[in-house]
Amino acid sequence: MNILHISAECFPIAKVGGLADVVGALPKYQKDLGTSANVIMPFYNNKFTQSNTFEEIHSDYIALGHQYYNFKVLKLTSNQLGFDLFCIDIPDLIYKEYVYSSDDTERFLAFQIAALDWILTLKKQPNIIHTHDHHTGLIPFMISQSFKYKTLKNIPTVLTIHNAQYQGWFSHENVNLIPPFNRDNIGLLDWGGNINSLAIAIKCAWKVTTVSPSYMEELKIKANGLEDLLNHESSKCIGILNGIDWSVWNPKTDDKLIKNYDKSTVISGKSSNKKWLCKEYNLDVKKPLFVFIGRLVGEKGADLFPEIFKEALAENNISILLLGSGYEKIEEALTSISQENFNKFIGYDEKLAHIMYAGADFLLMPSRVEPCGLNQMYSLRYGTVPIVNAIGGLKDTIIDITKENGFGVVHHGVTIEKVTSAITKASIYFNQKEFRKNLKKMMQIDHSWGNSAQAYVNLYKSLKN
Ligand code: ADP
């Protein structure tokens with residue numbers, strides 16, 4: 001079976017969030033199951049593309065409405081990723097220093113059209129086309145409706161929703177950017193008066209998955225306007241929990257850490273990483289260290305951080321370190337916190353994130369929406385207690401320490417009071433002997449990709465054309 005993943009992000013080439021981690025890992029684990037799985041993505045101007053060698057394997061031009069653009073398909077020459085990586089290079093549109101921006105409609109439409117044009121030329125076409133999020137949501141529509149792609153019509157398409165908040169809306173005035181299609185079915189493009197890329201993919205893909213079972217159920221109740229559609233299409237929808245890339249996220253071999261460790265050396269290993277963090281960020285190493293890593297947006301509960309942190313620091317003998325970026329207002333409010341025992345790095349830093357998973361005692365995830373969440377699984381692997389709101393994938397992966405087989409701290413709802421009292425509850429556990437036992441217990445929990453990759457392969461097999 002030959003699977004092609006089409007995505008805007010893929011780790012380590014270009015990462016904004018969890019989408020990249022999934023697309024960078026899943027194909028490797030699908031390969032282990034005897035399938036051939038590869039990735040096609042846009043060719044951005046970044047460190048990875050500048051410092052690696054690509055070979056041109058195809059060139060052509062596309063029409064985007066009345067505009068013509070030359071494009072190339074580039075293949076990464078090394079086999080460092082564990083799968084083949086193909087990139088669509090459209091210098092005028094895609095080769096930018098950013099992944100997302102305000103001209104995404106044209107950029108990602110051009111990417112999708114070029115990708116399908118290239119697939120048309122392949123001798124060995126994919127058996128499954130797996131699209132991810134709204135950036136590739138027009139693919140299932142174009143395959144089934146655009147005259148140009150009618151020879152691809154029988155290739156099953158799968159859509160994975162990593163985040164349903166963002167849907168890739170654009171105006172019907174831009175309909176001519178889409179290659180000519182059967183106008184009898186123009187209704188497939190519309191949702192709520194706009195062309196809605198994610199809704200289109202939900203309607204046209206053969207199967208729709210979300211990245212955790214709970215998230216699928218939650219979307220049927222609240223999905224930024226797509227609830228009715230998901231209920232209507234529920235027979236083809238299924239939730240499959242993400243895994244984490246065991247080879248990248250392994251405290252024993254992680255080359256970003258100050259000191260590596262495994263279950264038997266977890267106490268001293270974590271302590272060395274914590275010492276480095278506390279020295280670097282001027283925090284007291286004796287206090288329990290709580291961290292947050294992620295986007296500073298409302299979905300992650302970040303708008304409440306300034307108040308939560310002030311209260312939690314006043315009520316408990318703890319330190320807090322934050323790594324992230326997002327809404328300017330939140331960044332500014334965090335910058336104005338003057339209490340001791342708090343520090344932050346506003347920006348993106350992969351190495352620092354790894355050291356924080358290793359050196360922290362607790363990881364905060366008071367998300368209001370969390371399709372799967374990877375951070376809590378990384379934190380388990382690194383022996384750091386996750387403190388989470390019971391939502392989406394967090395609900396599917398973390399059991400409160402007071403429950404049978406529990407190991408984390410779970411709160412129900414995101415308010416300043418609820419998160420602060422979860423922090424207080426966690427810092428009480430920190431003083432118990434049980435805490436050390438719990439580290440080892442968490443590190444044993446297996447969230448590697450094996451089971452999830454198998455679930456996807458089973459899904460593909462059910463779609464044989
Ligand atoms: P989302 O995709 O909603 O942002 P996920 O939990 O699925 O959230 O994935 C977030 C990923 O991005 C994790 O690998 C996390 O470590 C990483 N990450 C987020 N923000 C930063 C940052 N500022 N610096 C380094 N890594 C980050």
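Source: prediction; values computed, not measured. (Residues numbered from 1 in each chain as written. Predicted model: local features only at pLDDT ≥ 70, side-chain atom pairs only at ≥ 80, totals over all residues. Heavy atoms only, no water.)

This part is about the domain arrangement of the chain. For the chain, the assigned domains read domain 1 (2–243 + 450–464) and domain 2 (266–446). Distance from the C-alpha centre of domain 1 to the C-alpha centre of domain 2: 33 Å. Contact with domain 1, which involves 17 residues of that partner, is made by 16 residues of domain 2. Here domain 1 meets domain 2 over a buried area of about 1,300 Å², counting both sides, of which 55% is carbon and sulfur. Linking domain 1 with domain 2 are one salt bridge, by the criterion used here. (Domains from an automatic or database assignment. Contact = heavy atoms within 4.5 Å. Buried area = accessible area lost by both parts, 1.4 Å probe. Salt bridge = Lys/Arg side-chain N within 4 Å of Asp/Glu carboxyl O.)

The subject of this paragraph is the sheet that holds strand S6 (residues 128–132). The strand order across the open sheet built from nine strands is S3-S4-S5-S2-S1-S6-S7-S11-S12, with neighbouring strands paired in mixed fashion. Only two strands of the sheet have a single neighbouring strand rather than two, namely strand S3 (54–64) and strand S12 (237–239). Here the strands of the sheet are splayed against their neighbours by 25° on average, with no regard to which way each runs. Across four bridges, the pairing between strand S7 (residues 157–161) and strand S11 (residues 207–210) is parallel. The partner of Val158 across the bridge, within S11, is Lys207. (Pairing = 2+ DSSP bridges. Helix = DSSP H or I, 4+ residues; strand = E, 2+ residues; numbered from the N terminus. Axes fitted to C-alpha atoms, helices over the stretch in contact; angles between N-to-C directions.)

Counting residues in hydrophobic clusters, the biggest one holds 67 residues, and the most contacted among them are Phe290, Phe305, Phe309 and Leu334. Not counting residues up to four positions away in its chain, the partners in contact with Phe309 are Ile320, Leu322, Leu334, Ile337, Phe342 and Leu364. Counting residues in hydrophobic clusters, the runner-up holds 60 residues, among them Val23, Ile40, Phe54 and Leu177. (Core = buried A, V, L, I, M, F, W, Y, C linked by side-chain atoms within 4.5 Å. Buried < 20%, exposed > 50% of the residue type's maximum accessible area, 1.4 Å probe, protein only.)

On inspection of all chains with the given rule, the structure shows 16 aromatic pairs. Centroid distance Trp249 to Tyr378: 3.6 Å. Interplanar angle 15°. Geometry classified as stacked. Of the two residues, Trp249 is situated in the loop between S12 and helix H8 (266–280) and Tyr378 in helix H12 (residues 375–381); the sequence distance between them amounts to 129 residues. No difference in accessibility class separates Trp249 from Tyr378, as the two residues are buried. Between Trp249 and Tyr382 the ring centres are 6.1 Å apart and the planes differ by 75°, which places this aromatic pair in the edge-to-face class. (Phe/Tyr/Trp six-rings, centres within 6.5 Å; stacked < 30°, edge-to-face > 60°.)

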